[in-house]
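Commentary on secondary and tertiary structure
Each chain, written out:
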Amino acid sequence: MGQLVWRRFRRHKMAIFGAVTLILLFIYSIGGALIFPESYANFADTPLRLTAPNLQHPFGTDTIGRDVLARTIYGGQISLMIGMLAVLIEVVLGILVGALAGYYGGIVDSILMRITEAMLNIPEIFLLIVMAKFFGGEIPEVDLFGRTFSGSVIVIVLIIGLTSWMYLARIVRAQFLSLKENDFVLAARATGTSNFEIIFRHILPNSIAPIIVSATLGVANAILAEAYISFLGLGVQPPTATWGNMLDGANNYLESAPWLWFFPGLLILLTVLSINFLGDGLRDALDPHSRAA
Amino acid sequence: MANHILEVRDLSTRFHIAEGTVYAVNGISFHLDHGETIAVVGESGCGKSVTMLSILRLLPIPPAEIVRGQALFLGRDLFDLSEREMENLRGRDIAMVFQDPMTSLNPVLTIGRQIGETLRIHMGLEKEVIRERTIKLLEQVGIPDPIQRLNDYPHQFSGGQRQRAMIAMALACQPSILIADEPTTALDVTIQAQIVELVQRLREQMNMAVIWITHDFGVVAEIAERVLVMYAGYIVESAPVDKVYENPRHPYTMALLAALPRVDRRRSARLRSIPGAPPNLLVEPTGCPFAVRCELVTERCRVEMPPLILHGPNHQAACWIDVSTGIPF
Amino acid sequence: MGRYIIKRLLQGIPLLFFISLILFLLMLNVGDPVATMGGRRVTRRADYERLRRQLGLDQPVYLQYAYWLLGNDWTKIDLDGDGVAETTGTRRGVLRGDLGISLLNRKPVIEVIGERLPNTLILMVASELVIVIGALLVGVFSALRQYSIMDNLITAILFIGYSMPIFFVALISMFIFAVLFKRWGLPYLPTVGMFDPQAGKTTAQVLWHMVLPVLSISIISFAAYSRYIRSTMLEVMGQDYIRTAKSKGLPRSEVVFIHALKNASLPIVTVIGLDLPLLLGGAVVTERIFAWPGMGRLFLDHVDRVDMPVIMGILMLVSLAVVVFQILTDIVYAWLDPRIRYEK
C-alpha cells in the first residue's frame, strides 16, 4: 500500500515540486534564524527607514527601519506555525463533530450538522473578522521556548481553527456514514467493542486518507486566513512579525517601497502554491480510483 | 475482393497508459462482404470492441495509438481520410450500436432529438420531415406510441426500449454496415432474443452488412454466416459458422464451445470453464498468447506466434497443432 | 417541482435562524458599542447607563435577541433606570424588516447598507461575468487539449492563480498597471475609488476604475472554476454517450458544445451558484485596498467602531444571499436535469 502510494505520488511532478519548495521554505525560516537573531529582526534602525534593497539589507527595510529579510524569516516561522497549529484544531474539531454526527446519527447528527451548515453559510472572511473581534482585546504576551510572542498569535490560531473545521466535519461524517454499516464494524459491535474503540480504532483509521488530504490543504488555507486577517489589521500584533502583518498598510507604499509587500506576499504565494501542489498529489496518490496517465 | 465492403489489413492498436503499453490489437486482418453478417467472438478484453472503435476512429488518441494497418471501406482507407470525411461517413455509411443502452444515450437530450440529429447532419432534412422519419423509425424498431415518446428522455425508457431507440438511431440513415457491439449483454434474456430478431429483420429489409460482437457463442449460430474468434488481440480462428461448430481448429475455440450449455448434451456432462486467466496485455506478446492456458501446448508455441493456417474454404486457424490429433503439423 | 421548491424554501428558514443565533452570540463580545458610540467617548456614568438601556444592553441575552428578531414595540422598556418599564419600544425587529439604527450616524441600517450595496453589486456582477465566461473558455479549451503543452502551461498558471492571496493580486496588478505603466508613459489604470472627482461619476469612469478591483476579485475563482470545468469536461468527454454522438458522425463542435457541455453544465451550475455569494468575502479585502465605497468597506469601518446593528445587518444580508443562492441553485439544477424534472 505505502509503496504504491509513494509510486503514484512520485509520478506527480508538481507534487514533488511542492514538497521540495515547502522543505526549502522551512529551511529558510528555521535555518535563517541561525544567521539573524530575533533582536535583529525587531531592531528599528530609524535613520535607515524605507531603504531599498541593497547588499546590507537584501529585501530593504520597513517603515521604521527594520530589516525586511530578517522579518520574513521570523514571520515565516510564525505564519507556518499558525498554519499548522490552526489545522491541528481544525482536524480535532472536524473529526469530533463529523464522527459524532456520522456515528450516532439522529438528533446528535441533526444539531451538529445544522451548526456546521450555519457556519458554512457565513463567508469565511466575515466570520474571521467577527471572531477576531470576539476573542480580541488585551491579551498578555506569551513566553514559549524562551521567546516572547504576542498573545494575539494564540487568538489567531484559535479563530482560524474555529472557522475552518466545517468541511472536514462533513467529509468525516460522510466517511462514518458509509463505513459504520461495513462488516468489520458490525462484527466489532457484535463482539461488544465499545463505541469509543469502534470510532477511533476501527472507523477512523479507514477514513484517514481524505483527512490527510483535507488537512494538508487546510494548512494553505490557514496561512491565507492569517494573512487576510493580519492584512486587515485584526491579526497578529507587532512586534511579532508574520507574513500577513508585514503587509498591513503596505498599499500606502505601493509605489514608494514595493519591497515592503513584494517579499512577504511572494512567500505566502509560494507556500500556498506548494501546499496546493502537495495536496493535489496526495489526493491522487491516496485515492485508489485515480488513474492519472 | 470486389465483393468486400470492408477489408481490414494488419491492424494494430495500442494504449499508452501510466502502467505501460497495452497491446490491445496485434495485427489482425479480416473482411466483410456486402450484406454479410459476421460474428466476432471472444472473452471481454480480447480486443473485439477496440478493433471496431479503431476502424471507426473513435478511440481517444492519445492514449490510443493505431500503430499500423489499413481499413478499406469500398476500397478507401479510412485511416487516410480527414476528420471531416470521417464524420460524414460515421452514422451514414457505418453505424454502431453499443453495449449498454443506459450509458450510451445522452441523459439530457430527448430521444427524438438524438435520433433526429443523425438525419439532420447527414441528410440535411427539414424539421418536419425529420420528425416524421423519426416517428417511423421508432415504429420500425417496435416502440409503441412513438409520437408521444419522441419528447421523452432516455431515463423514461425501459432497458429494452433504449436499445431499440439506439438501433433506430444507428439505422436512421440506412448505413451499409452496422456494427453491433454486444447489444444484448446488458439486457434481460427474453429481451435479448427480441433485439437479435429485430436486427435480423431490419438487416434483411435494408440489405446491410452486420458485424456482431459477442462473448456468447450461443447467439452466433442464429445470426452469423461467418465467425471470427479473437483472443488477446489476435484472430485465432476464422470460419463459416457451421464449420466452427462441427470442426473447430483452435484449442481456444474448442474451449469456448465446451463452456457452452447445449441442448444436445447430456445433463450430467459438466460445463467446462477455461482454466487460467487471459494474458496480461501489458507485456509485448511473444509466441502464442493462449499457450499458458492451452492443454496441447508445445515448446514452439511459447516462442513463435503461429500464422493463420488454411483448413478449408474460408476456414483458418492460428495454431501449430492439429487439434484433431494433438500432433504438430 | 412546485412542492420541491416550497420544501427547499422551508428548509432555509431554520438555517437562517441558526445563523442569526450564532452571529448574535458572537456580537456579544465584539466590543462595547456604547463606549465608542458615534466616535465620541461617553464620559458621564449616567449617560452611559441610559444609552445601554436605550440599546437594550441591560437586558438578558435572550431578550436582546428577541428584540432584535421580533422588535420591542409590543412591550415596554425601562428608559429612566428606575426599574419600572414605562416607555413603549420602537423597534420592529428583523422579521418585520427593521434592522435597527446605526449607532454611528443614527440612520436606519437598511438605508446605510442600501447606499453601499449597489456599488458592491456592480463589482460582483462584473466579476462573475469575467469568471464564468473566462473559466468556460479556458476550461473547455484545456479539456479538449488534455496533456498538450498548452494544457500543461494553463494548468500551472491556474494553480498559481488559485493560490494567490487577493491582496497580492491587487498589489501586483496595481504596481504593474498603475505604477509601472505610468512610469513607462502608457495609459495607466486608477487605483483608488469609483471615479475621478474631477471627471465626475460617469459610466466610463466607473468602468475604468472597476478594472483592477474586478481582476483582483475574479482571479481566484476564475482559476478554481477553470480547473473544475476542465476536469468535469474531461469526465463527460469520456462517457459512453459522447462516443455514441461521435459514432453518429456529429461534428466535433456539436459533440463538445451540445452533448458534452449540456451534461457538464449540471455540476458547473451547482458549484458556481453555491460559490457566488462567497465572492462577497473577496469584496471585503478588495474594497479596502481600492478604497471602493461598497458594503465590504462599510463592514470594516463599522466593525472598527462596534456599530452592531450595521455589522449584524450586513452579516445577515450576506448569509441570506448564501442561503437564497443555495435554493436557487437546487431549483436550477432540478430544472436543468430531466432525470429530476420529470420525477413523479
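This is a predicted model, so every value here is computed, not measured.

What follows covers the overall build of chain A. Assigned secondary structure in chain A consists of twelve helices and two strands. Starting at the N terminus and ending at the C terminus, chain A contains elements arranged as α-α-α-α-α-α-β-β-α-α-α-α-α-α. Dimensions of chain A, computed from C-alpha atoms along their principal axes, come out at roughly 75 × 45 × 35 Å. In chain A, buried positions account for 46% of the 293 residues. Pairs at least 24 residues apart make up 70% of the contacts formed inside chain A by residues separated by at least 6 positions.

Within chain C, the secondary structure is distributed over 13 helices and two strands. Taken over the C-alpha atoms alone, chain C extends approximately 85 × 65 × 30 Å along its principal axes. Expressed as a percentage of the 344 residues in chain C, the buried residues total 37%. Restricting to contacts in chain C with at least 6 residues of sequence separation, those with at least 24 account for 66%.

Here the focus is the interface of chain C and chain A. Contact with chain C, which involves 35 residues of that partner, is made by 35 residues of chain A. The set of elements that each furnish at least two residues to the side of chain C that touches chain A consists of α1 (2-27), α5 (149-163), α6 (166-183), α10 (279-289), α11 (295-304) and α12 (308-336) of chain C. Considered class by class, the residues forming the side of chain C that touches chain A number 29 nonpolar, five polar and one charged.

Once that is clear, we can look at the pairing of strand β6 (residues 94-97) of chain B. All names here are of chain B. A two-sided burial pattern is seen for β6, the buried positions comprising Ile94 and Met96 on one face and Ala95 and Val97 on the other. Bridge analysis of β6 against strand β7 (residues 177-181) gives four bridges, and the strand direction is parallel. Paired with Met96 across the two strands is Ile179, which belongs to β7.

Interhelical geometry of helix α5 (residues 106-120) of chain A versus α1 of chain C gives an angle of 75° and a closest axis separation of 9 Å. Between α5 of chain A and α1 of chain C, the angle is such that the two are roughly perpendicular. On α1 of chain C, the residues touching Arg114, Ile115, Glu117, Ala118 and Met119 of chain A of α5 of chain A are Pro14, Leu15, Phe18, Ile19 and Ile22 of chain C.

Following the sequence through the fold, Thr75 of chain C ends up in the loop between α3 (61-70) and β1 (76-77). A residue is classified by how many C-beta atoms lie within 10 Å of it, and Thr75 of chain C, with 13 of them, is partly exposed.

Before going further, it helps to spend a moment on the sheet that holds strand β4 (residues 64-73) of chain B. Residue and element names in this part refer to chain B. Read from one edge to the other, the open sheet built from four strands follows the order β2-β1-β4-β5, with strand pairing classed as antiparallel. Whereas interior strands pair on both sides, the edge strands pair on one side only; in this sheet they are β2 (20-33) and β5 (76-77). Inspection of the sheet shows strand β1 (residues 4-17) paired to β4 by eight bridges, in the antiparallel sense. By the bridge assignment, Phe15 is partnered in β4 with Ala64.

Listed per partner, the contact involves 25 residues of chain B and 19 residues of chain C. Of all the secondary structure elements, the ones that give two or more residues to the side of chain B that touches chain C are α2 (83-89), α3 (101-104) and α4 (111-123) of chain B. Top element by residues in the side of chain B that touches chain C is α4 of chain B. It accounts for four residues. Of the residues contributing to the side of chain B that touches chain C, the split by class is eleven nonpolar, nine polar and five charged.

Residues and elements named next belong to chain B. One open sheet accounts for eight strands, arranged β6-β7-β8-β3-β9-β10-β12-β11; its pairing is mixed. Across the chains shown, the open sheet's two edge strands, defined by having one partner strand only, are β6 and β11 (309-312). Each neighbouring strand pair of the sheet contributes to a mean axis angle of 20°, computed without reference to strand direction. Across the sheet, helix α7 (residues 159-171) is in contact with β6 and β7; its angle to β6 comes to roughly 175°. Packed onto the sheet, helix α11 (residues 251-258) meets β3 (37-41), β9 (226-231) and β10 (234-240) and runs at close to 105° relative to β9.

Phi at Asn314 of chain B takes a positive value of approximately 60°, unusual for a residue other than glycine. Following the sequence through the fold, Asn314 of chain B ends up in the loop between β11 and β12 (315-317). For Asn314 of chain B, a count of 12 C-beta atoms within 10 Å corresponds to the exposed category. The residue Ala291 of chain C is not glycine, and still its phi comes out positive at about 50°.

The next subject is the confidence of the model for chain C. Averaged over chain C, the pLDDT score is 84; the fraction of residues at 70 or greater is 96%. This prediction of the complex comes with two scores: 0.83 for pTM and 0.85 for ipTM.

Residue and element names in this part refer to chain C. Here chain C is described as being made up of domain 1 (11-109) and domain 2 (113-336). One C-alpha centre belongs to domain 1, the other to domain 2; they are set 37 Å apart. Contacts between domain 1 and domain 2 engage 21 residues on the former and 16 residues on the latter. When residues in the side of domain 1 that touches domain 2 are grouped by element, the largest group, seven residues, is from α1.

All names here are of chain B. Between the first and last C-alpha of α4 there are 18 Å, a value that for 13 residues agrees with the 18 Å anticipated at 1.5 Å per step. The buried fraction of α4 amounts to ten of the 13 residues, a majority that puts the element mostly inside the structure. Among the residues of α4, those classed as buried are Ile111, Gly112, Gln114, Ile115, Gly116, Glu117, Thr118, Leu119, Ile121 and His122. Count one or two residues on from α4 and you reach Gly124, which has phi positive near 55°.

Let us now look at the nonpolar core. Buried together is how nonpolar side chains tend to be arranged in soluble globular proteins. Ranked by size, the top nonpolar core spans 247 residues in total, and within it Leu128 and Tyr228 of chain A together with Ala168, Ile177, Ile211, Val227 and Val236 of chain B carry the most contacts. Both domains that meet at this core, namely domain 1 (11-109) and domain 2 (113-336) of chain C, each give it at least three residues.

This part is about the packing of helix α6 (residues 124-135) of chain A against helix α11 (residues 208-231) of chain A. Residue and element names in this part refer to chain A. Running from N to C, α6 and α11 point in directions that differ by 60°, and their axes come no closer than 10 Å. It follows from the interaxial angle that α6 and α11 lie oblique. In terms of crossing hand, the pair formed by α6 and α11 is right-handed. Here α6 contributes Glu124, Ile125, Leu128 and Ala132 to the contact with α11, which in turn contributes Ala225, Tyr228 and Ile229. For the contact of α6 with α11, the residue count by class is six nonpolar, no polar and one charged.

The terminal C-alpha atoms of helix α12 (residues 259-286) of chain A, which comprises 28 residues, lie 40 Å apart, in line with the 40 Å expected from a rise of 1.5 Å per residue. Among the 28 residues that make up α12 of chain A, 22 are buried, leaving the element largely enclosed by the rest of the structure.

What follows is about the pairing of β11 of chain B. Residue and element names in this part refer to chain B. Bridge count for β11 against β12 is three bridges, and the pairing is antiparallel. Within β12, the position partnered with Leu310 by the bridge is Gln316. The turn linking β11 back onto β12 is made up of two residues, and Asn314 within it adopts a positive phi angle of 60°.

Residue and element names in this part refer to chain B. In this structure, Ala172 sits in the loop between α7 and β7. For Ala172, a count of 26 C-beta atoms within 10 Å gives the class buried. For the pair Ala172 and Leu138, spaced 34 residues apart in sequence, the C-alpha separation works out to 9.8 Å. Once you skip the residues sitting within four places of it in the chain, Ala172 turns out to touch Ile115, Thr118, Leu119 and Leu137.

For the rest of this paragraph, the subject is the environment of Gly27 of chain B. Residues and elements named next belong to chain B. As for its placement among the helices and strands, Gly27 is situated in strand β2. In the structure, Gly27 is positioned 207 residues away from Tyr234 in sequence and 7.0 Å away in space, judged by C-alpha atoms. Residues within four places of Gly27 in sequence aside, it is in contact with Asp10, Leu11 and Ser12.

Definitions and limits used
- Residues numbered from 1 in each chain as written.
- Chains lettered and ligands numbered in written order.
- Predicted model: local features only at pLDDT ≥ 70, side-chain atom pairs only at ≥ 80, totals over all residues.
- Helix = DSSP H or I, 4+ residues; strand = E, 2+ residues; numbered from the N terminus.
- Buried ≥ 20, exposed ≤ 12 C-beta atoms within 10 Å, placed from the backbone.
- Contact = placed C-beta atoms within 7 Å.
- Nonpolar A, V, L, I, M, F, W, Y, C, P; charged D, E, K, R; others polar.
- Pairing = 2+ DSSP bridges.
- Axes fitted to C-alpha atoms, helices over the stretch in contact; angles between N-to-C directions.
- Parallel < 35°, antiparallel > 145°, perpendicular 65-115°, else oblique.
- pLDDT = per-residue confidence, 0-100.
- Domains from an automatic or database assignment.
- Expected span 1.5 Å × (residues − 1).
- Core = buried A, V, L, I, M, F, W, Y, C linked by C-beta atoms within 7 Å.
- Left-handed = near helix turned anticlockwise from the far one by under 90°.

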